[in-house]
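Okay, here's what each chain looks like letter by letter:
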Amino acid sequence: MADGTAIAWGQSSFGQVNVPAGLGPCTALSGGSGHSVALRTDGLVAAWGQNYSGQSSPPADLGRCSAVDAGYEHTIALRVDGTVRAWGWNNHGQGSVPPDIGTCTAISTCGMHNVVIRADGAVRAWGFNGVGEATVPTNLGPCRGIGAGWQFTVAIRTTGAVRAWGWNEFGQATVPQDLGTCSTIAAGYEHVVAIRTDGVVRAWGRSDSGQTNVPTDLGTCVAVAAGRRHSVALKADGSVRAWGNDAEGQASVPAPIGPCSAIGAGWFHSLAVTEDPCAADSNDDRRVSGGDLGILLGAWGTDGGAAGCDFDRDGIVGGLDLGLLLGAWGPCP
């Protein structure tokens, strides 16, 4: 599969796993209750699937973004300038953004509330607040990670400690005492999946479908995602694992899908961004050699354009991309 190709599997009652033709390479994906959203390598946002409330119709003036997330019939995005946009269902204000949010570094949504981390590390939340999910604890302190579940919220403080608040019927807002420090966190409908700083995955909350039963052979992971009754993990070697409810095939990872760079989980579907192990082969001759070097040098200082030479996806072809090309020199795997 081509570098950055988006794939999806599981329930498709609204077409949420039907990746649009011509989508282009992506860096991030997210699934909502019945729709999917993708962040392309050029920073533009695309969405497909259920669109009853306009959740799959990004605003025309949205511009370039650095993060996206899909909720229950609404979508939020973090623009490259740090401002946040939201669209779709707005019955509790979740489809709009309070004017005093300011610039942010992270966003999250799942149900009908949104959570962000501001540039100063402070956490803000808005939208439905039936059980306090949008009421951020006053003593939370600065954070580096957040996850919005269905009527509950989790956050990773800058110290690596995890806090949670809101709905707790299944223990999803009760952080395990032996959890330790974490680097990444994801909140599903009624469960949480986290990656500890040592790369080990932990999960807690509702587990009626085994969604918190982390496989014992999972190993070190770099990303996790949580759906309604299933969980997905991206391992350090680029492989994807999933577990929990599989009634719609959402936990059955297609084989083979090749190494991946990003994952996402909707309520009943999953998504991944696949990577070509020979992405530096710009002229498609299955070798990384002088021809590819020439293409890269010709695109030097630009965003790579059709040449696709911005391998590190920092928006410009430069020294880091040259290093990656030279590191892949020779025949493709």
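These notes cover the structure that comes with them. All of these numbers come straight from a predicted model, not from anything done at the bench. (Residues numbered from 1 in each chain as written. Predicted model: local features only at pLDDT ≥ 70, side-chain atom pairs only at ≥ 80, totals over all residues. Heavy atoms only, no water.)

1. Focus: the layout of surface pockets
- Space inside the second largest pocket adds up to approximately 900 Å³.
- What lines the second largest pocket is a set of 46 residues, among which Leu 29, Val 68, Asp 69, Val 224 and Ile 263 lie closest to the centre.
- If you list the elements that add at least two residues to the lining of the second largest pocket, you get strand 2 (26–31), strand 5 (65–70), strand 8 (104–109), strand 11 (143–148), strand 14 (182–187), strand 17 (221–226) and strand 20 (260–265).
- A class-by-class count of the residues in the lining of the second largest pocket yields 26 nonpolar, 17 polar and 3 charged. (1 Å grid on protein atoms, 1.4 Å probe; cavity = no way out; pocket = protein on both sides within 12 Å on 5 of 7 lines; lining within 4 Å. Points joined across faces, edges and corners; volume = space filled by probe spheres on them. Helix = DSSP H or I, 4+ residues; strand = E, 2+ residues; numbered from the N terminus. Nonpolar A, V, L, I, M, F, W, Y, C, P; charged D, E, K, R; others polar.)

2. A short note on the sheet that holds strand 20
- Strand order across the open sheet formed by 3 strands is 1-21-20, with antiparallel pairing between neighbours. On the outer flanks of this sheet lie strand 1 (5–10) and strand 20, each paired with one strand and no other. Put simply, the sheet's adjacent strands are angled 20° from each other on average, direction ignored.
- Examined bridge by bridge, strand 1 and strand 21 (residues 269–274) share 6 bridges and lie antiparallel to one another. Pairing of Trp 9 across the sheet is with Ser 270, part of strand 21. (Pairing = 2+ DSSP bridges. Axes fitted to C-alpha atoms, helices over the stretch in contact; angles between N-to-C directions.)

3. Things to note about the side chain of Gln 55
- When you line up the elements, Gln 55 lands in the loop between strand 4 (45–49) and strand 5.
- Take Gln 55: its relative accessible area is 0%, and that puts it in the buried class.
- A polar atom in the side chain of Gln 55 sits 3.1 Å from the side chain of Gln 50.
- Excluding residues within four positions of it along the chain, Gln 55 makes contact with His 35, Ala 47, Gln 50, Glu 73, His 74, Thr 75, Trp 87 and Gly 88. (Buried < 20%, exposed > 50% of the residue type's maximum accessible area, 1.4 Å probe, protein only. Polar contact = N/O pair within 3.5 Å; in protein donor to acceptor, adjacent residues only side chain to side chain. Contact = heavy atoms within 4.5 Å.)

4. Brief notes about the packing of aromatic side chains
- Here the structure, examined in full by the defined rule, presents 8 aromatic pairs.
- Judged by centre distance (5.6 Å) and plane angle (85°), the ring pair of Trp 150 and Trp 267 falls under edge-to-face. Of this pair, Trp 150 sits in the loop between strand 11 and strand 12 (152–157) while Trp 267 sits in the loop between strand 20 and strand 21, placing them 117 residues apart in sequence.
- On the basis of relative accessible area, Trp 150 is assigned to the buried category, the value being 12%. (Phe/Tyr/Trp six-rings, centres within 6.5 Å; stacked < 30°, edge-to-face > 60°.)

Bear in mind that shape data such as this cannot, by itself, settle questions of function.
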